[in-house]
Structures are given as C-alpha cells and as structure tokens.
Amino acid sequence: MTQPEAAAPVAPAPAHPLAMLRPDEIERAVAIVRAERSLPEAARFAYIGLDEPVKDAVTQLVDGAFPPRRVRLVIVPGPTAHVIEAVVSLDGSVTSWLECPETRPALLFEESMHAIRAVKDNADWQAAMRLRGITDFAKVQVDPWPSGNFGVAHEDDRRISRCIFYYREDPTDNGYARPIEGVIAFVDHGRQEVLEVVDYGVVPIPPERGNYRGDSVGPARTDLKPLTITQPEGPSFTVDGNLVEWQRWSFRVSMDPYEGLVLHTIGYEDGGRVRPILHRAAVSEMVVPYGDPGPMHGWKNAFDIGEWGLGRMANSLTLGCDCVGEIHYFDVNFATEGGVPYTLAHAICMHEEDYGILWKHVDMQGGTTEVRRSRRLVVSSIATVGNYEYGFYWYFYLDGSMQLEVKLTGIMSTMALAPGERPTNGSIVAPQLAAPYHQHLFNVRLDFDVDGPRNTVYEVDAVAAPAGPDNPLGNTILSVATPLRTELEAQRVVDPLRSRIWKIVNPEVRNGLGEPVAYKLVPASTPTLLADPTSSVGRRAGFATRNLWVTPYDRKEWRAAGDHPNQHAGGAGLPTWTAANRPIEATDVVVWHTFGVTHIPRPEDWPVMPVEYTGFQLVPVGFFDRNPALDVSPSDHCT
Ligand code: CO
C-alpha cells in the first residue's frame, strides 16, 4: 500500500469541524483514495463532501486542536449499478470502504451529456424525429430523466435514464413550449448506449414558442420607479468563516452537493450564554410525482435531491437580481465527477430585509403609541433542476422565530395535445399544450437540540369541548397535547381545522414561569403524497405519505428516502428506520417534516411561473419568559 503522504504532501490543518470543505481538503481526500485503493481511470465521484462529525465531537478539542476532518465519497467504479461509499480521514487514510452492489448513484452530469450525444446518433431516434418532420437534430433538446423503478427490463443492473424531447426553433426559445410528444429513449448511462426508442405515436408539436425573455413579450413597463435598499452603516450581521452572528442568533452555513443549503448549530444568546435550538437543519429529500396516467408521463417522479442534487445544481447568485441590499455571499467548494475541486462563487446569499411591523400598540388612555419594525436575516440559495427553479430561504426573526420558505418558479413540465384534445389530469396552458397535475413534496430534516439534546415531541391540537356542565356556554377551547412516545406514534399528518402544531419540548429545562421550554413546528396547510401507497412512487417516496416523522438521532439516518433513491425499489429511509418503532421520549430526537404543494397548473403559470411559496415556521413556545423583542429600539421616525 502506498503511503498517502506520497500522494498528498501536506496534511491540511484541521478546520472547525463544521467549516465548509476547502479545495485542498478535496484534493487530499481524492489523493488518499487513489493512493490506497486501485480505482479504474474511468471511476467517477458522485459525491465528495464533509463527513460531519457526530454531535458530541463538534465542540471537543483534542490536545488543544480540532480532530482531523473526514471526507465522505461516493465512488462509481464502472458502468454497472454499483457504488462504493468511502470515508477518508485527512490525516492519512481510508477509514471506511463499503461496496454497495445493486445501488445507483444520482445521475452523473458527464454521463448525461454522453447520453444526449448517444441519442442524437441513434438511427431509431432519428427515424422517430423524421416521422415528425424534424430533420435538423440540432434543434432538438434532449432531457435525460431519472427512470424510476417500474420493473422494466432495461432497469436490471443498469444505470439508466429515460430521455424526452423538445423542439427549439432558436436556441434561446423556451425549452418546454414545444414537447415532441410520444417518443422516449431508454439510455444506459454507464455504457453510453441507447437501449430502446419507444414511439407511442405522433402528436403535432404545439405551435407557440412560449418565449418569456424581454425581447419577446412586447414593450416593458416604464412606470416602476427605482426602489433602493440602503444600509449606510452596513449590515447588522458578522461573519467569521461560515459562522454567522446576528441579533443574538448564531449558526454556521454550508452547502452539501445533494441537500443544498445546510444550517448547523443554530442557537440564541440569552442571559450571557448561547442556548442551542437546532443542531442541524437541511432539506433531506424531495419528490415531484406527476399525475397523468399515460405511458409518456406517468413514470415521472423526480427525486431532485437524491437523483440530481440541489447543491450540484445551485446557481451562482447575482447582486441586484437574486438578492437586493447589503449582501454577503458564501462561495462553496465542490468536486467535479473526476474528483477535481472547483468553487461555486456566490452559491449562498445572506442579507437583511425589513419585514413590516414587529409589534405595536396605541394606548388610547395613556396617549402613547409604541411600534417597532420587524427585520429578518435571509440565508438563501437557488437550484435549477432542468425546467424548474427551487429557491430555499431560511429566515431568522427578532422575536426568536425562524422560517423556511421554498420558492417554486421556472418552467413547468409539459405535454403536447392533439388539436381539440382536453386533458383529464392536467391544465391547458397554451394552444395544444398542457401541464400535468403534479406535486412538489419536500422533506426537511430538523435535528433539534432545544436547550440540550434530550427533547420530547408533542402533537398539540386546539379543539372544542362538548357543551355540558363543564362548558355551559359551549365556548370552551381546549389545547390537547399528546406526547409522541414511539416512532410509529409519531407518523402524523397536518390538521388545519385543529390548528395542529408539533411542539419540541425539553422536559428538563424550565422557563421563568415553571414550564418546560419548547419550540413549535408550525406547518402550512400542506398535502401528503396523492399517489397510491402501492404505486412505484408510493413505495419509493414513503417519507411523503406523512407530514411528520420523529426518529432518535442516528448518524446513519440522513436522507428521507435513503442515500441512493435513483431506481430504488422503495421502502428505504424513514419507513425502514421507523419500523423499529424506537422510543423517542426525552431523547435526542430528529424531526422530519414533509411539506409542499399540489400544483394544478394555471395559464398564469405559463410560460414561466411566478413564484409559488411553501414552507413552515419554527416558533418559540415558553423558550422565553416574555416577548423577547421588547428591547428592539424604535426606528428614527417613531420616537
Ligand atoms: Co409545479
């Protein structure tokens, strides 16, 4: 075995255990793997990211320094359905090496480019295009999609995609306005081979080009006056590496190639010490199931984290466009599939926003008026996954509240209609063009540490009591809190009619009123998965069948549909882990919340969607003894 020192001469100084990965750390991890293990030249790296230490190790120094950092790699050694999960310690060696047969990584970018070329060179595909009057193949856009798991023979031991097609008269045309209906190509990504071209029959290409760029939509409005945000004394936050401090909040920021934006060690300074709230918060998986039954669209179930990656697809953000004001950007270091580090500049944006009023009262009797302005700190990133854009916005407020807002925009996935045809499971959005009904369901993994790791989750419903001797006026409102004691008890759905929330309580820490401290998860009015539980996506997206899951912390339980959902048969992730029905009372709990939207497309969503919003809030409940924002100063004009 070669000494790793020979491959990477200098071991980097250990950074903070949760600092973002540096390029030299990526280089060294790859060098150690290549030196210790014989990898084929064609091997690819589907994932290179920080192997985050277990919770207790984050703050522990060894001999006055942080312990050596570790890097996790998912290696694709060859063309078959086989990956290697490796962990490398940056002070010297591979510490874990797990061969995973019958396992597919996310779709690789390089292979997707090869798949597109292979399709365009394929005679059957060319014949299908000619049948539709298309002879200039450069005008065809090829979109490789994750193929799902439907028992199709092509799936066996292969890493495949299903490619679908769109026509662009001009390269700047809307890519999704003119679907080439009826044609699907199955491609073996590992072997760069077209397996089959299926033709379900010709449907005319929709006539309109659906362009939305400024030069295509007629005269622009001229009556919007400038709206400028200035902070003449600069922003109120401070940044040290990836550590952010703002208005008593503190946390670390990072970006994972798959989860995208990640927040660590979120705490709130109170009485001279930082009180922990969340050890880690990140969107762990998402699924976009389409609701059209036909063979052309019925298999579409994109897992945009596990099959593509929100970090890998993250945009480099632009001042004045994506974010406005006094901006701090975080750059992120990723690795190419060849294992070479690169920097995604401005991947994460942070700024402050005015948010209306924080609190107000007009005292008629005393003749006083008190009003305070609300402000929030915004940490955001935006990922482009094919046709769609997803923006992830974490908000921190002055009253101890937090929020995750997901912004959905971009272009809908479309289908061509025969003239006069009306779809049953989709909406017409342009002549001969429909967008199938679909859902966007996100799962966020919230590793709570409310004033310490030992927490209990309660479901709290507001209910009416029956009229009777205890309720003579029939007006009684009860707040019924039910402890969720085991994993099966904690598989829950929203109930807006009962104002249902879930409260994460530390039973061992009391506030000044003698009550246990808590934060509550306030869900939006959000759906669960509509697909049948026995369907392919019903099995694969089990996490989306419930709005709430609670597990005891386990370092291996990271993503709601498992680590490798691509072509997975289903059952992985939350359904498997929680089948053990482990106890979750007064323990280090992880809360998993599924939220999102069922999208019944509107004509107004075409040709590009105005942002649709979804998300949830985290709000203190007895974490403080009173309104924690009484000390916010009145702004200049209010004194
Ligand atoms: Co949608």
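Residues numbered from 1 in each chain as written. Predicted model: local features only at pLDDT ≥ 70, side-chain atom pairs only at ≥ 80, totals over all residues. Heavy atoms only, no water.

## A word on the domain arrangement of the protein
This is how it is decided: Segmentation of the chain into domains, including their bounds, is taken from an automatic or database domain assignment. Between two residues, a contact is recorded if the distance between any of their heavy atoms is within 4.5 Å. Each of two parts loses accessible area, computed with a 1.4 Å probe, when they are put together; buried area is these two losses added. Note on definitions: salt bridges are taken to be side-chain nitrogens of Lys or Arg within 4 Å of carboxyl oxygens of Asp or Glu. Each polar contact in these results corresponds to two N or O atoms within 3.5 Å; when the atoms are within protein, one needs to be able to donate a hydrogen and the other to accept it, and residues that are neighboring in sequence are counted only if both atoms are side-chain atoms.
In terms of domains, the protein is made up of domain 1 (23-101), domain 2 (109-216) and domain 3 (238-638). In this structure, domain 1 and domain 2 have C-alpha centres spaced 36 Å apart. Counting from both sides, the interface comprises six residues of domain 1 and, opposite them, seven residues of domain 2. Taken as a group, P79, T80 and A81 account for 71% of the area that domain 1 buries against domain 2, more than any other trio of residues on that side. On the surface where domain 1 and domain 2 come into contact, there are one salt bridge. For R44, the salt bridge identified is with E110, shortest N-O distance 2.5 Å. Here domain 1 and domain 2 share three residue pairs in polar contact (both at pLDDT 80 or more) between them.

## Some details on the side chain of R445
Inclusion rule: The way it works is that DSSP assigns letters per residue, a run of H or I at least four long becomes a helix, a run of E at least two long becomes a strand, and they are numbered from the N terminus. Exposure classes here rest on a 1.4 Å probe applied to the protein chains alone. A residue is buried below 20% of its type maximum, exposed above 50%, and partly exposed in between. Counting rule for charge: Lys and Arg are taken as positive, Asp and Glu as negative, and neither His nor the chain ends is counted.
In this fold, R445 is placed in strand β23 (residues 438-448). No salt bridge forms around the buried R445; measuring N to O, its nearest opposite-charge neighbour D447 is 4.4 Å away. At a separation of 3.2 Å, a polar atom in the side chain of R445 contacts the main-chain carbonyl oxygen of E557. Among residues more than four places away in sequence, those in contact with R445 are R280, A281, A282, S284, Y553, E557, W558, V590, V591 and W592.

## Quick word on the pattern of salt bridges
Evaluation of the coordinates by the stated rule reveals 39 salt bridges. The residue D354 makes a salt bridge to R373 at a minimum N-O spacing of 2.5 Å. Taken together, the residues D354 in strand β16 (residues 341-363) and R373 in strand β17 (residues 368-385) connect sequence positions 19 residues apart. Taking the relative accessible area as the measure of exposure, R373 reaches 35% and is therefore partly exposed. Salt-bridge contacts for E459 lead to R500; the nearest nitrogen and oxygen are separated by 3.4 Å. You can see E459 sitting in strand β24 (residues 454-464) and its partner R500 sitting in the loop between β25 (477-483) and β26 (501-510), a full 41 residues away along the chain. Side by side, E459 and R500 carry an identical accessibility label, which is buried. What you see here is one network of salt bridges that share partners, running through E459, D461, R492, D495, R498 and R500.

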